Amino acid sequence: MKKHNYSAGPCILPQEVFEKSAQAILNFNDSGLSLLEMSHRSKDFVAVMEEARALVIELLGLEGKGYSALFLAGGASLEFLMVPYNLMKENGKAAYLDTGTWASGAIKEAKLFGETLIVGSSKEESYNHIPKGYNIPTDVDYFHCTSNNTIYGTQMKEFPSVDTLLVCDMSSDIFSRQLDFSQFDLIYAGAQKNMGPAGATLVVIKEEILGKNGRIIPSMLDYAKHIKAESMYNTPPVFPIYASLLTLQWLKNLGGIAAIEKINNAKAALLYAEIDRNPLFRGAAAVEDRSNMNATFLLNDEAHAATFDAMWKAAGISGLPGHRSVGGYRASMYNALPLESVQVLVDVMKELESKI
Ligand SMILES: *Cc1c(COP(=O)(O)O)cnc(C)c1O
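Residues numbered from 1 in each chain as written. Predicted model: local features only at pLDDT ≥ 70, side-chain atom pairs only at ≥ 80, totals over all residues. Heavy atoms only, no water.

A.B. asks: How should the site of the ligand be read in this particular structure?
C.D. replies: The immediate surroundings of the ligand are formed by 13 residues, with S77, T150, D169, Q192 and K193 found nearest. The separation between an oxygen atom of the ligand and a polar side-chain atom of W102 is 3.4 Å. At 2.7 Å from an oxygen atom of the ligand is found a side-chain nitrogen or oxygen belonging to K193. Relative to its free-state accessible area of 390 Å², the ligand is covered by the protein chains to the extent of 88%. Here the shell around the ligand gets 4 residues from one element, more than from any other, and that element is helix α3 (residues 75-87). By residue class, the composition of the shell around the ligand is 3 nonpolar, 8 polar and 2 charged. (Near = heavy atom within 4 Å. Polar contact = N/O pair within 3.5 Å; in protein donor to acceptor, adjacent residues only side chain to side chain. Areas by Shrake-Rupley, 256 points an atom, 1.4 Å probe, with all protein chains shown as cover. Helix = DSSP H or I, 4+ residues; strand = E, 2+ residues; numbered from the N terminus. Nonpolar A, V, L, I, M, F, W, Y, C, P; charged D, E, K, R; others polar.)

Encoded structure:
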């Protein structure tokens, strides 16, 4: 039986994506070839890449605004260094918001390239909220933030208006909610949180920001070279790109980001209401910064953990334990997780209350 999959990543994808991508491995587009054994320069695969790149721009509402979408390899973690390599000037500086493990991973890499200012941090409070009221100096080359902190369950609800470039790691909430995406100059996201399987990284760049920092950039790390090569500078990760395309098509057919946002809001409202109502549980993140993608929560009395764990496992739930660095529970409610799965979890939480 299919599990109620709360995995934080790699994540649940729509069932039709699994079925269609399995079919493509056996026989892609009735070509008599597997997707895995054909040239990435073939007409069939070039069409996949073109449609995937165009659909990203369309779904984000960025058509005609000078943006280019790339599907690269190396994960969001490689973007931690590609961003400063491409955007930080020699002897330049950048500003970062430190909202968790992934943000501080990005900061670590930026320090290899130049002065890296941490303009706000919630580290001292175990990253349980998003810092506010911070100042971004006007002389930085860019400001970097993380829209959703997958491990801690916090999410930025607003983004600062900046006098510099705005760069955002959206790995765990891209395509989950409506935003004015044109406020960002560069967005990146590992596919495996909300868009597809592991192995591809989406980068969306405003093209005019490139080529201005005076550095010599190795080819594979140079966004401009990837754009020029139409995201095929070398052999791209064909399977994760195809599965991402199928997920983007599924999203479009559903009504796009506006439609999924309604469902995501309903899922998050259902679960947080139970966390707040049920005396056995408490939320881990500051209420105003709660993530609609990753809900983190704790048992008030750890003595009930064994009972609760046995109950949710028996209900067919998978992937609920919190990140190894923070413990507790984390319900990752990515786009493909149905509302019914959240109801199953809420019912288990109620049942625990009635037992105790
Ligand atoms: C998972 C995650 C990353 C790291 O992604 P990789 O693709 O594994 O490198 C970076 N940022 C955020 C917000 C994440 O959730």
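On we go from here.
A.B. asks: Any chance you could explain empty space enclosed by the protein here in plain terms?
C.D. replies: To find leftover empty space, a probe the size of one water molecule is rolled over the atoms. In total, this model carries 1 cavity of 30 Å³ or more according to the counting rule given. Of the voids in this model, the largest cavity is the one considered here, and its volume is about 30 Å³. For the largest cavity, the full set of lining residues is I12, L13, P14, N194, T247, W250, N335 and A336. (1 Å grid on protein atoms, 1.4 Å probe; cavity = no way out; pocket = protein on both sides within 12 Å on 5 of 7 lines; lining within 4 Å. Points joined across faces, edges and corners; volume = space filled by probe spheres on them.)

A.B. asks: Would you mind showing me how to read helix α4 (residues 101-110) here?
C.D. replies: Given 3.6 residues per turn, any residue in an α-helix points the same way as the ones three and four places further on. Among the residues making up α4, those that are buried are A103, A106, I107, E109 and A110. Looking straight down α4, one finds its buried side chains confined to an arc of 165°; they lie on one side. If you follow the buried residues of α4, they end up packed against α3, β3 (93-98), β4 (115-121), β5 (142-146) and β9 (186-190). (Buried < 20%, exposed > 50% of the residue type's maximum accessible area, 1.4 Å probe, protein only. Arc of directions from axis to C-beta. Contact = heavy atoms within 4.5 Å.)

A.B. asks: I would appreciate a short explanation of the UniProt feature "binding site: L-glutamate" (unreviewed entry) in the protein in the present structure.
C.D. replies: When the UniProt feature table is mapped onto this chain, "binding site: L-glutamate" (unreviewed entry) is found at R41. Mapped onto the secondary structure, R41 falls in the loop between α1 (15-26) and α2 (43-59). For R41, the residues in contact, after removing those within four places along its chain, are V46, M232 and Y233. (UniProt positions renumbered as here; feature names shortened; annotations may be inferred.)

A.B. asks: Please explain the domain arrangement of the protein as it appears in this structure.
C.D. replies: How big an interface is tends to be expressed through the accessible area that disappears when the partners come together. Looking at the protein, the domain boundaries give domain 1 (15-254) and domain 2 (256-355). Every contact between the two is made by 27 residues of domain 1 and, on the other side, 27 residues of domain 2. Carbon and sulfur atoms supply 54% of the area that domain 1 and domain 2 bury against each other, a total of about 2100 Å² over both sides. Joining domain 1 to domain 2, the criterion identifies 2 salt bridges. Those elements that provide at least two residues to the side of domain 1 that touches domain 2 are β7 (154-155) and α6 (238-254). Counting residues per element, the side of domain 1 that touches domain 2 draws most heavily on α6, which supplies 4 residues. A class-by-class count of the residues in the side of domain 1 that touches domain 2 yields 10 nonpolar, 11 polar and 6 charged. (Domains from an automatic or database assignment. Buried area = accessible area lost by both parts, 1.4 Å probe. Salt bridge = Lys/Arg side-chain N within 4 Å of Asp/Glu carboxyl O.)

A.B. asks: Can you walk me through unusual backbone geometry in this structure?
C.D. replies: Excluding glycine, residues mostly have negative phi values, and the peptide bonds linking residues are mostly trans. The step from G9 to P10 runs through a cis peptide bond, and the omega angle for that step is -10°. With respect to the helices and strands, P10 occurs in the loop between β1 (4-5) and α1. You will see that N91, though not glycine, has its phi angle at about 60°, which is positive. Assignment of secondary structure puts N91 in the loop between α3 and β3. With a relative accessible area of 82%, N91 lands in the exposed category.

A.B. asks: Hey, could you run me through the packing of aromatic side chains in this one?
C.D. replies: Each aromatic ring pair is summarised here by two numbers: the centre-to-centre distance and the angle between the ring planes. One pass over the structure, following the stated rule, counts 11 aromatic pairs. Ring centres 6.3 Å apart and planes at 70° place the aromatic pair F80 and Y188 in the edge-to-face group. Placement of the pair is F80 in helix α3 and Y188 in strand β9, with a sequence separation of 108 residues. In this structure, F80 and Y188 share a single accessibility class: buried. Three or more aromatic residues link up through ring pairs in this structure, and these residues are F281, F297, F308 and Y329. Lying across the ring of W312, K313 places its NZ or CZ 5.3 Å from the centre. (Phe/Tyr/Trp six-rings, centres within 6.5 Å; stacked < 30°, edge-to-face > 60°. Lys NZ or Arg CZ within 6 Å of the ring centre and 35° of its normal.)

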